[in-house]
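Take a look at the letters that make up each chain.
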Amino acid sequence: MTDNFTEIRLRKRYRAEKRFKIYSVSALILALLILATLISSIAISSIPAFTQINIGIDVKMNDDQILQFEEDPENVSWRSLQKKSFYSMFPNVETRKDKKELNKLLSTGAYIEIKKFYLDNPNKLPDNNIIYVPASDDVDLLIKDIIDRDLPQDMRTISDNQISYLDKLISNNRIKKTISWRLFSNSDSREPELAGLKGGIVGTLLTMFVTLIISFPIGVLAAIYLEEIAPKNKFTDIIEVNINNLAAVPSIVYGLLGLAVFLNYMNMPRSAPLVGGIVLALMTLPVIIIATRAAMASIPPSIREAAYGVGASQMQVIVHHVFPLALPGILTGTIIGIARAAGETAPLLMIGMMAFIVDVPSKITDKATVLPAQIYMWANNPERSFEYLTSAAILILLVILIMMNLLAILLRKKYERRW
Amino acid sequence: MKDVGSMIPNQYKITTSNVNVDYGNKRALHDINLQIEEKEVTALIGPSGCGKSTFIRCLNRMNDLIEGCKVEGKIMIDEVDINSPDTDIVELRARIGMVFQKPNPFPKSIYDNVAYGPRIHGLAKSNEDLDNIVTKSLKRAGLWNEVEDRLDASGLSLSGGQQQRLCIARAIAVNPDILLMDEPCSALDPIATAVIEELINELKERYTIVIVTHSMQQAARLSEKTAYFHLGKMIEYDITSNIFTNPKHEMTEAYISGRIG
């Protein structure tokens, strides 16, 4: 009787435990599925952006142009060289309107490639050259089968005439698909086939540099004071509570602060990594302070006692023992804080870093934008190609952030100590 | 005892008079008067929570590190009041080595563990000097033969008993004249304990040793004098053999015969 009762109770407990396990595992699977869906949808829609369609043009300079080039390459009318060379490949195209349509197959920046070709190969000046230049974004999408050529003409952005020119180029084997390295070597542009992320990447690096050199020393020193030196009283309690609150303040508030203090009051340059870095540093400070304090608090008191016991001063205990031992934890917190700042857009909106900036910044006071800001702006562009570029940019930002987090994990793994 | 102390005040290495310790509102030690002789082992025994560790931590002002801990009364070491504002706490702790209950080597190499104290106090003028200090300290701590070929290994790679001897070497490397030991063997097995006890017997030729212990046998084996603490009060202080064979106070007798504690 009792045996039977025990058995029933036991079986009931086993079932409950099994159910509990199933719930938690399915929660995990659900979370992973959502993440996988998100990343794979971004990855899939970014694929077209990583290749680029190029059109080969027969270019031959005449004697005048060669002379001009030898004087100064800037004197050559590269645009007209591009047009003339391209038109000569289609002798049947005669009217002005048709020529204009034909020229629209090429990117507006196509002549830059021709110029680059001659600058790189000055010995080929007199030759007949086939130079591959980027196609326009519509051609790009058509060749990648994103624009459907069977649609009626008025429903697509590329005309029947243009398609027939393209078919001729295809049959002459003048269409080439390459990896779009310009995504990393070009700066932002209104033309999707020319737009790259270099400006945003360099801007992000400069901004993060400013953020790091401001927030790391200040955050660590503040945390050392609060954790090791400050007396425990009401005043330090209030500071502690407020630091924890600051970590939860919406990031745009820091942007407003930056606008009011750094731009309007201190007249710092607008749109500059310097200001962006300071604003993001303010945002990162509480994170670093909290991480540093937690890392130092986890150092066993026996190490402090040992150091005090041989007559180390408080500074020596901190500098020789507590800080080096806490460093892996501090670095982990800092990298995660910086990674969070690197993905931030809202505070930068207020200080003008959410802007279309073509030049790559070379110093922290130059006008610049950052990767997330560029993603936001690309997503707002009407050209269809930007849809794919946006996904590609998100993927690149994600890769950078994942690498930073990976670095944090590796650092922690490498220097982690057991007591 | 107190009378004897005030009559010949200069005879003792450490003299405490009316030492009271409070943790917040809770009094942990009541009016401790104790005289400790130079180059002797003085054992402090008593049940858990009786204040013996608190007392030993007063002697190198380790209690300063504890939030809300207040020490009153006079503690004279070599006729200097260690609680006076003129006393530099770093210099004081350099003169008074401390060995803790749990071996706590720094997570550094064996060499650096011992060299740390001499380095921060500038005791070595050259690297050779430092090598000599490290070698000498490790030899005195009886650890040299076991580690001489792996001084670069982490201090944490040693066994518990070896770690504790490393901590002793670290403490004596700064050339103290007093060693405070707070239950140095409580985390060790009997064999390692025997090694440490033997070491303490050798060390007392050079150092004044104050040892807190839970083991009455240990106190009996090692010490010249023994103080029995109970609930924050010092009940009895006498020559060790008197304490264990002929205790004057009934509480001491109850403790050593195992009826309390």
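1. So, the overall build of chain A
A count of helical and extended segments in chain A gives 17 helices and three strands. Relative to a compact globule of 419 residues, whose C-alpha radius of gyration would be 22 Å, chain A shows 30 Å and is clearly more extended. The C-alpha extent of chain A, read off along each of the three principal axes, is 95 × 75 × 40 Å. Counting every position in chain A, which comprises 419 residues, the buried fraction comes to 35%. Within chain A, contacts between residues separated by at least 24 positions form 76% of all contacts whose residues are at least 6 apart in sequence.

2. A closer look at the overall build of chain B
Looking only at helices and strands, chain B features eleven helices and ten strands. Over its C-alpha atoms chain B spans a radius of gyration of 18 Å, differing by no more than 12% from the 18 Å that the globule rule assigns to 261 residues. Projecting the C-alpha coordinates of chain B onto the three principal axes gives extents of approximately 55 × 45 × 35 Å. Residues classed as buried in chain B amount to 45% of the 261 residues present. A fraction of 68% describes how many contacts in chain B between residues 6 or more apart in sequence connect residues 24 or more apart.

3. Things to note about the packing of helix α13 (residues 301-309) of chain A against helix α14 (residues 314-342) of chain A
Helix-helix packing is described using two parameters, namely the angle between the two axes and the distance between the axes. Residues and elements named next belong to chain A. Packing of α13 against α14 leaves a shortest axis separation of 10 Å and a crossing angle of 155°. In terms of axis orientation, α13 runs roughly antiparallel to α14. For α13 against α14, the interelement crossing comes out right-handed. For the pair α13 and α14, the contacting residues are Ile303, Arg304, Ala307 and Tyr308 in the first and Gln316, Val317, His320, His321, Val322 and Leu325 in the second. Taken together, the residues of the contact of α13 with α14 break down into six nonpolar, three polar and one charged.

4. Structural notes on the nonpolar core
Counting residues in hydrophobic clusters, the biggest one holds 142 residues, and the most contacted among them are Ala393 of chain A together with Leu44, Ala169, Leu179, Leu180 and Ile209 of chain B. Broken down by element, this core gets its largest block of residues, 15 residues, from helix α12 (residues 273-297) of chain A. Excluding residues within four positions of it along the chain, Ile209 of chain B makes contact with Val41, Leu179, Met181, Ile200, Leu203 and Lys204 of chain B. If you look at the next biggest cluster of nonpolar residues, it comprises 23 residues, including Ile53, Val59, Ile131 and Leu166 of chain A.

5. Here we look at the interface of chain A and chain B
In this complex, chain A contributes 15 residues to the contact, which on the side of chain B involves 19 residues. Where the side of chain A that touches chain B is concerned, the elements lending two or more residues are α13 and α14 of chain A. Ranked by residues supplied to the side of chain A that touches chain B, first place goes to α13 of chain A with six residues.

6. Re the domain arrangement of chain A
Residues and elements named next belong to chain A. According to the domain assignment, chain A contains domain 1 (48-180) and domain 2 (198-415). Computed from C-alpha atoms alone, the centre-to-centre distance between domain 1 and domain 2 is 46 Å. Counting residues at the interface gives six residues for domain 1 and seven residues for domain 2.

7. Topic: the pairing of strand β1 (residues 51-59) of chain A
Residue and element names in this part refer to chain A. Sheet topology note: the β1/strand β3 (residues 175-179) ladder contains five bridges and is antiparallel. By the bridge assignment for β3, Thr51 is matched with Ile179. Of the pairings in the sheet, the one linking β1 to strand β2 (residues 129-134) comprises six bridges and is antiparallel in character. When the bridges of β2 are listed, Asn54 appears paired with Pro134.

8. Thoughts on the sheet that holds β2 of chain A
Residue and element names in this part refer to chain A. Pairing is antiparallel across the open sheet formed by three strands, whose spatial order is β2-β1-β3. Strands at the two margins of the open sheet, each flanked by one partner only, are β2 and β3. Pairwise comparison of adjacent strand axes, ignoring direction, gives a mean angle of 40° for this sheet.

9. Here's the deal with the environment of Phe323 of chain A
Its place among the elements puts Phe323 of chain A in helix α14. Considered as a pair, Phe323 of chain A and Ala36 of chain A are 287 residues apart in the sequence and their alpha carbons are 39 Å apart.

10. Observations concerning helix α2 (residues 52-59) of chain B
All names here are of chain B. Taking burial as the measure, the eight residues of α2 include eight buried ones, the bulk of the element. Among the residues of α2, Lys52, Ser53, Thr54, Phe55, Ile56, Arg57, Cys58 and Leu59 are the ones counted as buried. Two residues or fewer after α2 comes Arg61, characterised by a positive phi angle close to 55°.

11. Overview of helix α16 (residues 371-380) of chain A
Residues and elements named next belong to chain A. Across the ten residues that make up α16, a large majority, seven, are buried. Of the residues making up α16, those classed as buried are Leu371, Pro372, Ala373, Gln374, Ile375, Met377 and Trp378. The elements touched by buried residues of α16 are α9 (198-229), α15 (346-350) and α17 (385-415).

12. Things to note about the environment of Pro250 of chain A
All names here are of chain A. By the secondary structure assignment, Pro250 is in the loop between α10 (234-246) and α11 (251-265). What makes Pro250 exposed here is the crowd of 11 C-beta atoms within 10 Å. Here the alpha-carbon distance between Pro250 and Ala346, two residues 96 residues apart in the chain, equals 9.0 Å.

13. Here's the deal with the pairing of strand β3 (residues 41-45) of chain B
Successive side chains on a regular strand alternate, one facing one side of the sheet and the next facing the other. Residue and element names in this part refer to chain B. With respect to burial, β3 is a largely interior element, five of its five residues being buried. Side chains Val41, Ala43 and Ile45 project from β3 onto one buried face, and the interleaved Thr42 and Leu44 project onto a second face that is buried too. Pairing of β3 with strand β8 (residues 208-212) involves four bridges; the strand directions are parallel. When the bridges of β8 are listed, Val41 appears paired with Ile209. Two elements, β3 and strand β9 (residues 225-230), share four bridges in a ladder whose sense is parallel. What sits directly across from Thr42, in β9, is Lys225.

14. Side note on the confidence of the model for chain B
Any segment with low pLDDT has predicted coordinates that should not be analysed in fine detail. All names here are of chain B. Averaged over every residue, the pLDDT of chain B is 89; the share at 70 or more is 96%. Under a pLDDT of 50 for its full length, residues 1-7 has, in the predicted model, eight contacts with residues more than four places off or in other chains. Predicted complex metrics record ipTM = 0.89 and pTM = 0.84.

15. Quick look at the packing of α9 of chain A against α14 of chain A
Residues and elements named next belong to chain A. The contact between α9 and α14 brings their axes to 10 Å, and the two run at 140°. Here α9 lies oblique to α14, going by the angle between them. Once α9 is placed against α14, the crossing between them reads as right-handed. Contacts from Thr204, Met208, Thr211, Leu212, Phe216, Val220, Ile224 and Glu228 of α9 reach α14 at Ile318, Val322, Ile330, Thr334, Ile338, Ala341 and Ala342. The residue makeup of the contact of α9 with α14, split by class, is eleven nonpolar, three polar and one charged.

16. Examining the confidence of the model for chain A
For chain A, the mean per-residue pLDDT works out to 91, and 99% of the residues sit at or above 70. When pLDDT is averaged over each element of chain A, α12 of chain A comes out on top at 95 and helix α2 (residues 63-71) of chain A at the bottom at 88.

Thresholds applied
- Residues numbered from 1 in each chain as written.
- Chains lettered and ligands numbered in written order.
- Predicted model: local features only at pLDDT ≥ 70, side-chain atom pairs only at ≥ 80, totals over all residues.
- Helix = DSSP H or I, 4+ residues; strand = E, 2+ residues; numbered from the N terminus.
- Rg over C-alpha atoms; globule rule 2.2 N^0.38 Å.
- Buried ≥ 20, exposed ≤ 12 C-beta atoms within 10 Å, placed from the backbone.
- Contact = placed C-beta atoms within 7 Å.
- Axes fitted to C-alpha atoms, helices over the stretch in contact; angles between N-to-C directions.
- Parallel < 35°, antiparallel > 145°, perpendicular 65-115°, else oblique.
- Left-handed = near helix turned anticlockwise from the far one by under 90°.
- Nonpolar A, V, L, I, M, F, W, Y, C, P; charged D, E, K, R; others polar.
- Core = buried A, V, L, I, M, F, W, Y, C linked by C-beta atoms within 7 Å.
- Domains from an automatic or database assignment.
- Pairing = 2+ DSSP bridges.
- pLDDT = per-residue confidence, 0-100.

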